[in-house]
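Topology and contacts: notes
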2 protein chains.
Amino acid sequence: MAGEVEFIADGTVTSPQGYVAGGVYAGLKSQGDEVADLGILMSQRPASVAATFSTSSIVSPSVTVSRQRVAGGSARGVVANSGCANCAVGEQGITDALEMARLAADHVGVDPGEMLVASTGIIGVELPMALIRKGIPGVELTAEGGEAFARSIMTTDSRLKRAAVAFEADGVRYHIGGVAKGVGMIHPDMATMLCFLTTDADVDRGFLQSALSQSIDVSFNMIDIDGDQSTNDTVLLFSNGAAGGSQFSGASESAGLFRDALERLSVHLAKELVRDGEGAERIFAVTVEGAASVADARLAAREIASSNLVKAMVHGRDPNWGRIMMALGHSGAEVEEPKIDIFINDIHIVHEGKAISYFTEAVVGGMNVPEVRFKVTLGIGESSATAWGCDLTEEYVTFNSAYST
Amino acid sequence: MAGEVEFIADGTVTSPQGYVAGGVYAGLKSQGDEVADLGILMSQRPASVAATFSTSSIVSPSVTVSRQRVAGGSARGVVANSGCANCAVGEQGITDALEMARLAADHVGVDPGEMLVASTGIIGVELPMALIRKGIPGVELTAEGGEAFARSIMTTDSRLKRAAVAFEADGVRYHIGGVAKGVGMIHPDMATMLCFLTTDADVDRGFLQSALSQSIDVSFNMIDIDGDQSTNDTVLLFSNGAAGGSQFSGASESAGLFRDALERLSVHLAKELVRDGEGAERIFAVTVEGAASVADARLAAREIASSNLVKAMVHGRDPNWGRIMMALGHSGAEVEEPKIDIFINDIHIVHEGKAISYFTEAVVGGMNVPEVRFKVTLGIGESSATAWGCDLTEEYVTFNSAYST
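Residues numbered from 1 in each chain as written. Chains lettered and ligands numbered in written order. Predicted model: local features only at pLDDT ≥ 70, side-chain atom pairs only at ≥ 80, totals over all residues.

1. Comments concerning the overall build of chain A
The criterion, for reference: Strands here mean DSSP runs of E at least two residues long; helices mean DSSP runs of H or I at least four residues long; both are numbered from the N terminus. All radius of gyration figures rest on C-alpha atoms, and the globule criterion is 2.2 Å times the number of residues raised to 0.38. Two residues qualify as a contact pair if the distance between their C-beta atoms, derived from the backbone, is within 7 Å.
If you tally the helices and strands in chain A, you get eleven helices and 17 strands. At 22 Å, chain A has a C-alpha radius of gyration in line with the 22 Å of a compact globule built from 405 residues. By its C-alpha atoms, chain A is 70 × 60 × 35 Å across when sized along the principal axes. Across chain A, the fraction of contacts at a sequence separation of at least 24, relative to all contacts at a separation of at least 6, is 80%.

Here it is as structure tokens:
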């Protein structure tokens, strides 16, 4: 049936046709058995690639190398490691990122310039290249290797983050698959968010990048775990056309369907990251409606989702709407206080800027759910946006100050 | 001796000549005996006034009323309450703020338009005017009343914040005194920072405002407790000329001395707020040097002082310099990674963007102090700035999610 997006919870980067992947334990992480820390994902045919990277002014040399290569528009795969971020190590970082990519390219038999590289883990220590040199030849790439690859990029993640979506257009069935890792930064600094996406649709490079940027804007750019941004954040999207069919472009009849499918997958993976936030017990969605512009709606939703006090109130299941008001006022979004309404899990608690005599116990009880929903209507325009955050818990603090002697 | 600023730790708003103050318990707070929650500070002579207020787009009507009156340039005093923020209550808030100021003006016998008003406490409930009407006539204003006044504005503060400075110019001894309250926002939302400053120097209004703005910029605008900003933040500075001497203006020979004295007092009070931050066990100073501009230095220092991960690492006494790097990269300040040096309590731990093999135990041990000092040198310019933050503790989270049932 055309026009519908099917969600595949146990899908992964090898769900689309023409991709192989794998991961091994090279010894970069100390956790021992059952742990992978070095992986390769590869398209079996030429592929185009789109990407977004950390906007920090201090980034890992792995980001620098991949960013240059993505600019060319095509790539065959990516080699990724966890345990070491290859960041803040001077010129050696570039040398090591280039060698790591070359070793992976040699192993799978593609041009070195077509291999991207990503790292996540400790900042400030050099990549142990001896282990990487020894590890790469052991990576077995198979069409079932998506899970092993996903495992190899995990750091403090408590579980795998992966999924796929499928849709049909003009009688052809297409897939988009993805894996991601989070989930905050811990001693001595994990750096941090990686997401790899693959599709067997043939997508025009310009459209691939615009569809990716759009979907990132409503997913990974709308989540907040602890307000900090990493030096290594990387999202890659490969398109290899292995499913056949005609090329998708912005002008295609099914362009919207591709966008919807990609957005659904991105939002799912982004929420998975928040759900697995360090110490998090529940997540919350903040939807801002009636804003003067999309930019304002995004600003307000993100500010509320990022507020330590809002996060703490979600932890305490406290319908503390004054904190939402405060974050809103601080956000810079245009607001008119007498037009603001606030809802918690659909219960109306503030009307025209003033408290309603709501039944507190019912609201508190209703907040005892895995995903609390806040809605704020500004009443001055037509634009809306949603952001997600996780609660701030004592465990987050304990986790992030764990070095204490 | 001219040119030196004397610090008076037990000074207060009534240390300068010509000011009286007092506070009573009106019943706005439930803590019982020994608690004041309603106070008046007043100059016995006409005074000029300068101020800065919350830049939030949602502010208390008390802020709205005071902002309008301060625009006139003169005022005789301020009436302040704690327990209720008079915020997010619709039009009633303006009515109540005006009545509260009028009642206080009548009580002390000045023009109602010359009385400012400030509130701090719960958001979203109306001022209990019956209690305020009953309370105001009981406020006794005396030259020893600075402490009672300081007590009446406390909310979650664990101790009084007050001090004064004195200096001599042209044979006249001048004072600047101040009280402040913090210290974060707790259930169901304290809103939040108030600071009242007085001087017996006669200061030209334009210079008074510029000196205040400058000193706020390096003190209250450079501290971070939890990254949230309040709807009620107010700093007032009165100048009544009671000490005699000639008027200070930007062109006065002693203008710099007045600025220095005001800055010293403001920085002291600002650091007192951080030190008393909810759950805080220690504070830290972040000095950024060698920045391309003052704006960049401020941006970088504030971003580092505001990072949850840096705050958590101070709590854990963990010399996690990767987190400082990350916050720096995220700040938007111009940086060149190979020129960055980092020091913790003067111990050099990062040189030219890379870790030095520093003696970890010594650095960890050295962080067990009430005030940890981070210095970051960017090596690309001549500008510097300092910001202060407090550590993020499990107690902060417990405190701010305390409603949990």
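Moving on, there is more to tell.
2. Here we look at the domain arrangement of chain A
Rules: All the domain ranges listed were derived from an automatic or database domain assignment.
Under the domain assignment used here, chain A contains domain 1 (5–275) and domain 2 (283–400). The C-alpha centroid of domain 2 of chain A is placed 32 Å from the C-alpha centroid of domain 1 of chain A.

3. Considering the environment of Ala-163 of chain A
As for its placement among the helices and strands, Ala-163 of chain A is situated in strand S7 (residues 161–169). Counting along the chain gives 154 residues from Ala-163 of chain A to Ala-9 of chain A, while the straight-line C-alpha distance between them is 4.9 Å.

4. Description of the packing of helix H5 (residues 205–217) of chain A against helix H6 (residues 255–275) of chain A
All names here are of chain A. To be explicit about the condition: Helix axes are fitted to C-alpha atoms over the stretch in contact, other axes to C-alpha atoms as well, and angles between N-to-C directions run from 0 to 180 degrees. Note on terminology: angles under 35 degrees are roughly parallel, angles over 145 are roughly antiparallel, angles of 65 to 115 are roughly perpendicular, and the others are oblique. Less than a right angle of anticlockwise turn of the near helix away from the far helix marks a crossing as left-handed, whereas a clockwise turn marks it as right-handed. Each residue receives one of three labels: charged for Asp, Glu, Lys and Arg, nonpolar for Ala, Val, Leu, Ile, Met, Phe, Trp, Tyr, Cys and Pro, and polar for the others, Gly being one of them.
At their nearest, the axes of H5 and H6 sit 9 Å apart, and the two run at 40° to each other. It follows from the interaxial angle that H5 and H6 lie oblique. Read as a crossing pair, H5 and H6 show a hand that is right-handed. Along its contact with H5, which presents Phe-207, Ala-211, Gln-214, Ser-215 and Ile-216, the element H6 presents Ala-255, Phe-258, Arg-259, Leu-262, Glu-263 and Ser-266. Class assignment for the residues of the contact of H5 with H6 results in six nonpolar, three polar and two charged.

5. Focus: the sheet that holds strand S11 (residues 234–239) of chain A
Residues and elements named next belong to chain A. The line we're drawing: We treat two strands as partners when DSSP finds at least two bridges between them.
Taken in spatial order, the six strands make up an open sheet running S1-S7-S8-S9-S11-S4, and their pairing is mixed. In this open sheet, the two strands that pair with only one neighbour each are strand S1 (5–8) and strand S4 (48–53). The mean inter-strand angle of the sheet, taken between neighbouring strand axes irrespective of direction, is 15°. Helix-sheet contacts for helix H1 (residues 61–70) involve S4 and S11, and the interaxial angle to S4 is about 140°. Lying on the sheet, H6 is in contact with S1, S7, strand S8 (172–181) and strand S9 (194–199); it crosses S7 at an angle near 165°.

6. Things to note about the confidence of the model for chain A
Residue and element names in this part refer to chain A. Test applied: Per-residue confidence from the predictor is reported as pLDDT, which spans 0 to 100.
Summary statistics for chain A give a mean pLDDT of 90 and a share of 93% for residues scoring 70 or more. When the elements of chain A are averaged for pLDDT, helix H11 (residues 394–400) gives the smallest value, 74, and strand S3 (residues 38–43) the largest, 98. Here the complex is predicted with pTM 0.84, and the ipTM for its interfaces comes to 0.76.

7. Observations concerning the environment of Phe-53 of chain B
Residue and element names in this part refer to chain B. Keep this limit in mind: Here exposure depends only on C-beta density: within 10 Å of a residue's C-beta, 20 or more other C-beta atoms make it buried, 12 or fewer make it exposed, and intermediate numbers make it partly exposed, the C-beta atoms being placed from the backbone.
Its place among the elements puts Phe-53 in strand S4 (residues 48–53). Classification of Phe-53 by C-beta neighbours within 10 Å gives partly exposed; the count is 19. Apart from residues no more than four positions distant in its own chain, Phe-53 is found in contact with Val-59, Val-63, Arg-67, Asp-233 and Thr-234.

8. Comments concerning the packing of helix H7 (residues 294–306) of chain B against helix H9 (residues 321–330) of chain B
Residue and element names in this part refer to chain B. Axis separation between H7 and H9 bottoms out at 8 Å; the angle between their running directions is 130°. The orientation of H7 with respect to H9, classified from their angle, is oblique. Considering how the two elements wind past one another, H7 and H9 form a crossing that is right-handed. Within the contact between the two elements, H7 uses Ala-300, Glu-303 and Ile-304 and H9 uses Ile-324, Ala-327, Leu-328 and His-330. Looking at the contact of H7 with H9 residue by residue, the classes come out as five nonpolar, one polar and one charged.

9. Some details on the pairing of S4 of chain B
Residue and element names in this part refer to chain B. Judged by how many residues are buried, S4 sits mostly within the fold: five of six residues are covered. One ladder, built from six bridges, connects S4 with strand S11 (residues 234–239); its direction is antiparallel. Residue pairing in the sheet places Phe-53 in a bridge with Thr-234 of S11.

10. Side note on the environment of Ala-243 of chain B
Residues and elements named next belong to chain B. Turning to its location among the elements, Ala-243 is positioned in the loop between S11 and helix H6 (255–275). C-alpha of Ala-243 to C-alpha of His-175: the two residues are 68 residues apart in sequence and 8.2 Å apart in space. If we ignore the near neighbours within four places in the chain, the residues touching Ala-243 are Gln-17, Val-172, Arg-173, Tyr-174, Asp-200 and Ala-201.

11. Quick word on the sheet that holds strand S12 (residues 283–291) of chain B
Strands belonging to one sheet form pairs held by backbone hydrogen bonds; the direction of such a pair is parallel or antiparallel. All names here are of chain B. Reading across from one edge, S10-S17-S12-S16-S13-S14-S15 is the order of the seven strands in this open sheet, with mixed pairing throughout. Here the strands that pair on one side only, and so sit at the sheet edges, are strand S10 (223–224) and strand S15 (354–355). With three bridges connecting them, strand S13 (residues 341–344) and strand S14 (residues 347–351) associate as antiparallel partners. Across the sheet, Ile-344 pairs through a bridge with Ile-347, a residue of S14. Across the sheet, H6 touches S10, S12 and strand S17 (383–390), and the angle it forms with S17 is around 35°. Along the sheet, H9 contacts S13, S14 and strand S16 (371–377); its crossing angle with S16, the most-contacted strand, is approximately 55°.

12. Some details on unusual backbone geometry
Residues and elements named next belong to chain B. Positive phi outside glycine occurs at Asp-170, with the angle close to 50°. Examined against the element boundaries, Asp-170 turns out to sit in the loop between strand S7 (161–169) and strand S8 (172–181). When the 10 C-beta atoms within 10 Å are taken as the criterion, Asp-170 is described as exposed. A positive phi is found at Arg-317, a non-glycine position, where the angle reads about 50°. Mapped onto the secondary structure, Arg-317 falls in the loop between helix H8 (308–315) and H9.

13. Some remarks on the pairing of strand S5 (residues 77–84) of chain A
All names here are of chain A. Across the eight residues that make up S5, a large majority, eight, are buried. Relative to S5, S3 runs antiparallel, the two sharing five bridges. Bridge pairing links Leu-41 to Val-78 in S5.

14. Side note on H7 of chain B
All names here are of chain B. The condition that has to hold: The span expected for a helix works out to 1.5 Å for each residue beyond the first.
With 13 residues, H7 extends 18 Å between its outermost C-alpha atoms, agreeing within 8% with the 18 Å of an ideal straight helix rising 1.5 Å per residue. Within H7, eleven of the 13 residues are buried, which leaves the element mostly enclosed by the surrounding structure. When we look at burial in H7, the residues that qualify are Asp-296, Ala-297, Arg-298, Leu-299, Ala-300, Ala-301, Arg-302, Glu-303, Ile-304, Ala-305 and Ser-306.

15. Remarks on H5 of chain A
Residue and element names in this part refer to chain A. Using the following cut-off: Think of it as the arc spanned by the lines of direction from the helix axis to the C-beta atoms.
Spanning 13 residues, H5 covers 18 Å between terminal C-alpha atoms, matching the ideal 18 Å at 1.5 Å per step. The complete set of buried residues in H5 reads Phe-207, Leu-208, Ala-211, Leu-212, Ser-215 and Ile-216. Buried positions in H5, seen along its axis, are confined to an arc of 160° and lie on one side of it. The inward-facing, buried residues of H5 abut S4, S11 and H6.

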